[in-house]
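Residue-level listing of the chains:
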Protein chains: 2
Amino acid sequence: MPVNDKTESEFAKTPNFDRYTSEGICGLLDSVSPGITPGTIPGHLALFGYDPMEYVIGRGVLSALGVDFKLTEGDVVAQLNFCTIDQEFGTIVDRRAGRIPTEISRLLGQKIRDKVKLSNDTEFFFETESEYRAALIFRGGSLGAKINDTDPLITGVPPREPQGVDEASQLTVKYLKEFLNQVREILRDELKANMILARGFAKFDPPPTMEKRYGLKAFAIAKYPMYRGLARLVGMTVPEKPETHEDMWEQLKTNYENYDFFFIHFKKTDSSGEDGDFTKKVKVIEEVDTWVARLRELNPAVLVVTGDHSTPSALKNHSWHPVPTLLWSQNCRPDGVSVFGERHCAQGYIGRMATKHLMMLSLANALRLKKFGA
Amino acid sequence: MPVNDKTESEFAKTPNFDRYTSEGICGLLDSVSPGITPGTIPGHLALFGYDPMEYVIGRGVLSALGVDFKLTEGDVVAQLNFCTIDQEFGTIVDRRAGRIPTEISRLLGQKIRDKVKLSNDTEFFFETESEYRAALIFRGGSLGAKINDTDPLITGVPPREPQGVDEASQLTVKYLKEFLNQVREILRDELKANMILARGFAKFDPPPTMEKRYGLKAFAIAKYPMYRGLARLVGMTVPEKPETHEDMWEQLKTNYENYDFFFIHFKKTDSSGEDGDFTKKVKVIEEVDTWVARLRELNPAVLVVTGDHSTPSALKNHSWHPVPTLLWSQNCRPDGVSVFGERHCAQGYIGRMATKHLMMLSLANALRLKKFGA
């Protein structure tokens with residue numbers, strides 16, 4: 001799979017990672033457990049120290065996070081598709097409405113927001129993601145989310161009737177039906193996007209914040225909505241989005257004295273892997289390596305370099321391969337490994353462990369934990 | 001942190017550990033989980049194969065163990081401080097009674113034992129630890145331990161009134177109040193130690209013994225009360241305390257044929273670390289190395305060298321760093337590592353794992369475990 005038998009991390013020239021590695025400890029981390037390829041949410045929750053098998057975040061919540069929507073505890077969220085319905089028979093012709101362009105989708109979304117009125121003045125939010133995808137949020141009262149998907153995942157049949165398992169979910173279904181009936185009218189004259197399918201109903205039940213859990217004031221430097229949303233999910237402060245690496249550095253430096261923990265997200269190590277572009281991924285890793293060198297100026301107590309999962313360009317996708325990870329601090333015991341990358345990190349002192357432990361290890365190295373037991 | 005970038009174990013010359021290592025397997029063990037610094041109790045429970053997150057032993061029990069007191073199931077235990085009370089206002093002036101010397105404390109303890117009488121002839125034990133510290137044990141009936149600390153942890157206020165959460169604890173509180181009222185009278189004329197504060201109420205609920213759990217007759221060779229108490233807690237036979245390394249060898253040799261498992265405790269690897277004395281800790285490790293060489297004469301089935309936690313002299317305290325560990329037996333598969341110490345053990349066959357698994361691994365190597373499942 002790897003070029004010259006090396007992964008992108010092994011192939012990249014990373015003198016700064018290597019120097020941190022030689023002064024620190026390293027290992028290979030499994031985001032969920034060996035063999036499991038994590039999605040973005042479990043991958044990040046594990047990095048933030050939350051067991052990703054305990055804190056399961058629904059697909060609907062993912063959609064809302066993905067558009068940078070500020071969810072409130074108790075919100076019921078679903079993922080929506082615009083679709084094409086046969087007006088005569090009511091059956092689904094195209095589950096993705098011919099993949100309408102995002103601009104059209106936004107216009108239709110505005111129309112829906114303007115015209116739909118729910119009983120009891122129940123609040124809802126309709127948030128376009130891209131193309132045919134959107135997020136739906138119901139807010140207020142005690143709404144349940146134990147509701148089946150209306151999307152049957154096949155064509156030639158009508159959308160399914162939504163049903164609520166318990167009373168709270170039946171209340172949500174009442175509003176959902178009002179919503180779907182009005183949307184059907186509003187979209188009646190559209191050729192492609194003339195109806196909507198919903199799935200992945202989930203109630204937003206946020207995990208305890210990092211401040212509550214660890215006593216950490218946390219700050220997130222991330223450009224893309226999903227990662228900003230994830231940071232917000234665990235209570236991080238999320239400033240305006242940085243456009244360049246220089247912006248990221250400025251945000252870090254400016255806020256350095258006011259926070260205890262910084263999550264700094266680089267997207268392109270992942271996206272170049274998904275594009276299957278080995279050479280670009282190597283280059284991106286080398287750019288991050290250069291950026292990270294500057295962190296020495298700030299003299300952090302602990303520095304961690306890791307990822308929420310592997311994305312080998314050979315697979316063009318997230319993968320289960322454990323993530324090479326380095327931890328650098330004054331209180332670690334250097335393990336003699338001096339090169340960053342999978343096969344070297346496998347020799348390190350951290351060994352192979354679950355990503356969820358990384359936060360505790362970091363807090364320990366920052367001397368922020370008390371002794372357990374007498 | 002380490003001198004010459006080496007830990008004490010890495011720095012020490014340990015030809016005997018090294019020889020066992022080259023014939024055995026090694027790894028790095030986390031007593032609780034990565035990043036967590038364990039206290040003495042969870043550290044040892046893990047070594048004895050008990051999950052330290054499942055078997056949580058209260059502070060009061062620790063006190064009783066620490067004075068080598070033989071607890072009985074159902075005993076309610078608390079940690080006591082002699083303190084100084086302002087006789088006029090009833091407020092605490094000194095939570096530690098001016099750190100009265102242990103001899104005074106013992107005399108006052110004797111006075112309390114002689115004079116206090118509880119209703120229903122309820123049995124109690126008052127055991128001096130050292131200086132101002134003591135342990136209190138109530139025995140008999142169905143006593144509860146869900147009782148608040150009377151120690152407010154600050155001065156200038158009176159001791160807190162004890163209250164029981166449930167009926168069984170309220171019964172204990174009845175006896176506790178009788179005890180405290182009588183103690184107040186008994187100590188009335190003392191200038192410093194004129195009252196007592198209690199905290200860490202706990203009911204003694206011992207884990208299953210090693211004999212029950214593993215079918216092992218276990219024997220403990222340990223000089224200090226805490227470790228003797230911990231050994232007794234899991235059902236080990238604890239002989240009179242050995243004073244010297246030679247005594248320890250004699251106890252082992254004499255009892256070798258009558259037991260299946262020996263816990264041999266060396267204290268000074270820990271205490272020299274707590275003193276921050278790198279050189280002394282190195283020397284102590286070298287002494288233990290010499291002592292351990294003699295074990296070959298006994299031809300054990302399995303030999304394990306490990307610790308309940310790290311105590312780096314650089315931190316002068318227990319730490320979270322995983323513990324270098326070697327396991328030697330006829331049935332292990334030597335892993336090619338031939339030097340004991342953190343960075344070498346990190347390369348071993350045991351890898352990095354939780355300490356609680358070590359007992360099973362030892363039993364397996366002694367061929368004492370049956371197959372799991374059909």
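What you see is a predicted model; the values in this text were computed from it and never measured. (Residues numbered from 1 in each chain as written. Chains lettered and ligands numbered in written order. Predicted model: local features only at pLDDT ≥ 70, side-chain atom pairs only at ≥ 80, totals over all residues. Heavy atoms only, no water.)

In this section: the overall build of chain A. For chain A, the count of helices and strands is 13 helices and 11 strands. In terms of overall dimensions, chain A is globule-like: its C-alpha atoms have a radius of gyration of 23 Å, near the 21 Å expected for 374 residues. Viewed in the frame of its principal axes, chain A has a C-alpha envelope of about 70 × 50 × 35 Å. The contacts of chain A with a sequence gap of at least 6 include a subset with a gap of at least 24, amounting to 71%. As displayed, chain A has an accessible area near 17000 Å², and 49% of this comes from carbon and sulfur atoms. A gap of 2 Å separates the mean positions of the 47 positive and 50 negative side-chain charges of chain A. (Helix = DSSP H or I, 4+ residues; strand = E, 2+ residues; numbered from the N terminus. Rg over C-alpha atoms; globule rule 2.2 N^0.38 Å. Contact = heavy atoms within 4.5 Å. Areas by Shrake-Rupley, 256 points an atom, 1.4 Å probe, with all protein chains shown as cover. Lys, Arg positive; Asp, Glu negative; His and termini not counted. Charge placed at Lys NZ, Arg CZ, Asp CG, Glu CD.)

Turning to the relation of the copies chain A and chain B, a few remarks are in order. Under the fitted operation, chain A is carried onto chain B by 0.4 Å of movement along the axis and a turn of 127°, and the coordinates agree to an RMSD of 0.3 Å. A distinct binding surface is used by each copy, with only 4% of the interface residues of chain A retained as interface residues in chain B. (Least-squares fit on C-alpha atoms with pLDDT ≥ 70 in both.)

Another point: the environment of Ala168(A). Residues and elements named next belong to chain A. Within the secondary structure, Ala168 sits in helix H6 (residues 167-186). Separated by 25 residues in sequence, Ala168 and Leu143 place their C-alpha atoms 5.0 Å apart. Beyond its immediate stretch of four places on either side in the chain, Ala168 contacts Ser142, Leu143 and Gly144.

Quick look at the interface of chain A and chain B now. Across the contact, 24 residues belong to chain A and 30 residues belong to chain B. Regarding the contact of chain A and chain B, the summed buried area is about 2200 Å², with carbon and sulfur atoms giving 62% of it. The salt bridge partner of Glu342(B) is Arg333(A), with a shortest N-O separation of 3.2 Å. Counting across the interface, chain A meets chain B through seven residue pairs in polar contact (both at pLDDT 80 or more). Top contributing element to the side of chain A that touches chain B by residue count: helix H13 (residues 358-365) of chain A, with four residues. Partitioning the side of chain A that touches chain B into residue classes produces 12 nonpolar, eight polar and four charged. (Buried area = accessible area lost by both parts, 1.4 Å probe. Salt bridge = Lys/Arg side-chain N within 4 Å of Asp/Glu carboxyl O. Polar contact = N/O pair within 3.5 Å; in protein donor to acceptor, adjacent residues only side chain to side chain. Nonpolar A, V, L, I, M, F, W, Y, C, P; charged D, E, K, R; others polar.)

Right, let's get into H13(A). Residues and elements named next belong to chain A. Counting buried residues in H13 gives seven out of eight residues, a clear majority hidden from the surface. When H13 is considered as a whole, its buried residues turn out to be Leu358, Met359, Leu361, Ser362, Leu363, Ala364 and Asn365. Leu367 sits one or two positions beyond H13 and adopts a positive phi of about 55°. (Buried < 20%, exposed > 50% of the residue type's maximum accessible area, 1.4 Å probe, protein only.)

This part covers the sheet that holds strand S1 (residues 25-30) of chain A. Residue and element names in this part refer to chain A. Spatially, four strands are ordered S9-S10-S1-S11 in an open sheet, and the strand pairing comes out mixed. Whereas interior strands pair on both sides, the edge strands pair on one side only; in this sheet they are strand S9 (302-305) and strand S11 (351-354). The mean angle between the axes of side-by-side strands here comes to 30°, regardless of whether they run parallel or antiparallel. Pairing geometry for S9 and strand S10 (residues 323-329), over four bridges, is antiparallel. Looking at S10, one finds that Leu303 is bridged to Trp328. Against the sheet, H13 engages S1, S9, S10 and S11, with an angle of about 15° to S10. (Pairing = 2+ DSSP bridges. Axes fitted to C-alpha atoms, helices over the stretch in contact; angles between N-to-C directions.)

What follows is about the nonpolar core. Ranked by internal contacts, the top residues of the largest apolar core, which has 78 residues, are Met210(A), Met236(A), Leu252(B) and Leu295(B). Per-element tally for this core: the top contributor is helix H11 (residues 278-293) of chain B, with seven residues. Met210(A) has contacts with Tyr50(A), Gly215(A), Leu216(A), Ala218(A), Val234(A), Met236(A), Phe261(A) and Met359(A), leaving out every residue within four places of it along the chain. Membership of the second largest hydrophobic core comes to 44 residues, among which are Leu29(B), Leu62(B), Phe125(B) and Leu233(B). (Core = buried A, V, L, I, M, F, W, Y, C linked by side-chain atoms within 4.5 Å.)

Turning our attention to the sheet that holds strand S9 (residues 302-305) of chain B. Residues and elements named next belong to chain B. Across the sheet, four strands lie side by side as S9-S10-S1-S11; this open sheet has mixed pairing. Across the chains shown, the open sheet's two edge strands, defined by having one partner strand only, are S9 and strand S11 (351-354). Neighbour to neighbour, the strand axes of the sheet diverge by 30° on average, direction disregarded.

Okay, the packing of aromatic side chains next. One pass over the structure, following the stated rule, counts 32 aromatic pairs over all chains. An aromatic cluster is built from Phe219(A), Tyr256(A), Tyr259(A) and Phe262(A), whose rings are joined through pairwise contacts. Across the ring face of Tyr50(B), the terminal group of Arg213(B) is positioned such that the distance to the ring centre comes to 4.3 Å. The ring of Tyr20(B) has Arg296(B) sitting right over it, with the charged end atom 4.4 Å from the ring centre. (Phe/Tyr/Trp six-rings, centres within 6.5 Å; stacked < 30°, edge-to-face > 60°. Lys NZ or Arg CZ within 6 Å of the ring centre and 35° of its normal.)

Okay, the pattern of salt bridges next. All names here are of chain A. One pass over the full model with this rule turns up 35 salt bridges over all chains. A salt bridge links Asp75 to Arg139; its shortest N-O distance comes to 2.8 Å. One end of the pair, Asp75, is in the loop between helix H4 (59-66) and strand S2 (76-85); the other, Arg139, is in strand S5 (residues 133-139), with 64 residues separating them in the sequence. The class for Asp75 is buried, based on a relative accessible area of 1%. By sharing partners, the salt bridges in this structure join Arg19, Glu23 and Arg296 into a single network.

Let's shift gears to the side chain of Asn194(A). All names here are of chain A. Position of Asn194 among the secondary structure elements: in the loop between H6 and strand S6 (195-203). Given the relative accessible area of 4%, Asn194 is considered buried. Among all residues touching Asn194, those that are not within four sequence positions of it are Cys83, Thr84, Ile85, Gln87 and Leu187.

What follows covers unusual backbone geometry. Despite not being glycine, Arg99(A) has its phi angle at roughly 45°, a positive value. Relative to the assigned elements, Arg99(A) resides in the loop between strand S3 (92-94) and helix H5 (102-115). Judged by relative accessible area, Arg99(A) falls into the partly exposed class, the value being 46%. Phi at Lys316(B) is positive, roughly 55°, even though this residue is not glycine.

Across chain A, the average pLDDT comes to 94, with 99% of residues at or above 70. Of the two predicted TM-score estimates for the complex, the pTM is 0.85 and the ipTM is 0.82. (pLDDT = per-residue confidence, 0-100.)

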